Amino acid sequence: MKAAMLVVFAVSFAAPAGQIAVDPCSVQEKDPEWLVYDDGTAAWLSWGGMYRGVWFNVKDFNPSGAGAIVSQVEFWFYHHASYPWDTSDFYAEIWSGDSTCPISLLNQTQTTAVHYAPVVVTYDPAIVCEAEFWVFVNPEMSSGGWPSILSDGTPGTHSFFSDGLSWEPLDSGDYFIRAYAEITLALNNTTWGELKTVF
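Since the model is a prediction, treat every value here as computed from it, not as a measurement.

J.: Looking at this structure, how should I read the overall build of the protein?
T.: What the protein contains, in helices and strands, is two helices and 13 strands. Evaluated residue by residue, the protein yields a buried proportion of 43% over its 199 residues. Taking as baseline every contact in the protein between residues at least 6 positions apart, the subset at least 24 positions apart corresponds to 74%. Of the roughly 10400 Å² of accessible surface on the protein, 57% is carried by carbon and sulfur atoms.

J.: Mind showing me how you'd approach the sheet that holds strand S1 (residues 19–26) here?
T.: Pairing between the strands of a sheet comes from backbone hydrogen bonds, and it takes one of two forms, parallel or antiparallel. Spatially, three strands are ordered S1-S3-S10 in an open sheet, and the strand pairing comes out antiparallel. The open sheet is flanked by S1 and strand S10 (149–152), the only strands paired with a single partner. Direction aside, neighbouring strands of the sheet carry axes that sit 35° apart on average. The sheet contact formed by S1 and strand S3 (residues 41–46) spans five bridges and is antiparallel. Bridging from a neighbouring strand, Gln 19 pairs with Ser 46 of S3.

J.: Help me understand the nonpolar core in this model?
T.: In this structure, Val 70, Val 73, Phe 75, Phe 77, Ile 94 and Phe 133 are the most contacted members of the largest nonpolar core, which totals 41 residues. Residues within four places of Ile 94 in sequence aside, it is in contact with Val 70, Val 73, Ser 104, Leu 105, Leu 106, Asn 107, Tyr 123, Ile 127, Cys 129, Phe 133, Trp 134 and Val 135. Core analysis: the next-biggest nonpolar cluster, separate from the first, contains six residues, Trp 55, Trp 134, Phe 160 and Trp 167 among them.

J.: I tried to follow the environment of Glu 130 on my own but got confused; where do I start?
T.: Relative to the helices and strands, Glu 130 is located in strand S8 (residues 118–130). With a relative accessible area of 57%, Glu 130 lands in the exposed category. Along the backbone, Glu 130 and Ala 66 are 64 residues apart, and their C-alpha atoms lie at a distance of 6.6 Å. Residue contacts for Glu 130: discarding those within four places in its chain leaves Ala 66, Gly 67 and Ala 68.

J.: Help me out: how do you make sense of the pairing of strand S7 (residues 101–112) in this one?
T.: Moving residue by residue along a regular strand, the side chains alternate between the two faces of the sheet. As paired elements, strand S6 (residues 89–98) and S7 share nine bridges and run antiparallel to each other. Its bridge partner lying in S7, Ala 92 is registered against Thr 109. Between the antiparallel neighbours S6 and S7 lie two residues.

Parameters and conventions
For every chain, the first residue of the written sequence is number 1, and numbering continues from 1 onward in sequence order. Under the rules for a predicted model, residues below a pLDDT of 70 receive no local features and side-chain atom pairs below 80 are neither given nor counted, while totals for whole chains, interfaces and linings still include all residues. In computing side-chain properties, one takes all heavy atoms of the structure into account and sets aside hydrogens as well as water. Elements are defined by DSSP. Helices are runs of H or I of four residues or more, strands are runs of E of two residues or more, and each kind is numbered from the N terminus. Each residue is placed in one exposure class: buried if its accessible area under a 1.4 Å probe, protein chains only, is under 20% of its type's maximum, exposed if it is over 50%, and partly exposed if it falls in between. Only heavy atoms enter the contact rule, under which two residues are in contact if any of them lie within 4.5 Å. Accessible surface area values rest on a Shrake-Rupley calculation with a 1.4 Å probe, where residue burial reflects the displayed protein chains alone. Any two strands with at least two DSSP bridges between them are considered paired. Only the stretch in contact is used when fitting a helix axis, every axis being a line fitted to C-alpha atoms; angles between N-to-C directions are given from 0 to 180 degrees. Residue types Ala, Val, Leu, Ile, Met, Phe, Trp, Tyr and Cys, when buried and joined through side-chain atoms within 4.5 Å, form a set referred to as a nonpolar core.

Just distances and angles here, no functional claims.
Okay, here's the thing in structure tokens:
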């Protein structure tokens, strides 16, 4: 019992501010059309940083990808009794940009978080994105960064948090932020040559 308590204390002590461990819990798996970086098992909840987001690169899912048409995004939040939210409302945002940072806002939608259930934002018309884009939580309606979002415990390279000036990698895993997208493909030179012969 003491050893287990020491492990929990050590993990909690090692966690950055605004992040605590939760008992591992499964999150709903997605169809292949969903772009997903998390491993499906939630291990942390986080409210640190002014923004929390995932940088998507469609080439990770299809090497021939040239862009994405995003029709839905999904978030998973966790309302811990010891860390109550001051609001459930947040802005779901899609931005253009590469791995260094978001560049320009493509969509901002006010959304309400729920505890341990998918929060889905649907876009009609869908949002046309380049091969690299960002989806993130903007909690500016909160005084403390709420609602708290779930992340897995497998270190990744696609989740970041920001104080509004710079973007820092989330070392503990990937946020449960997913995108339902049709990946658009680049036409290669052979295809262009074939098209020219038709005309």
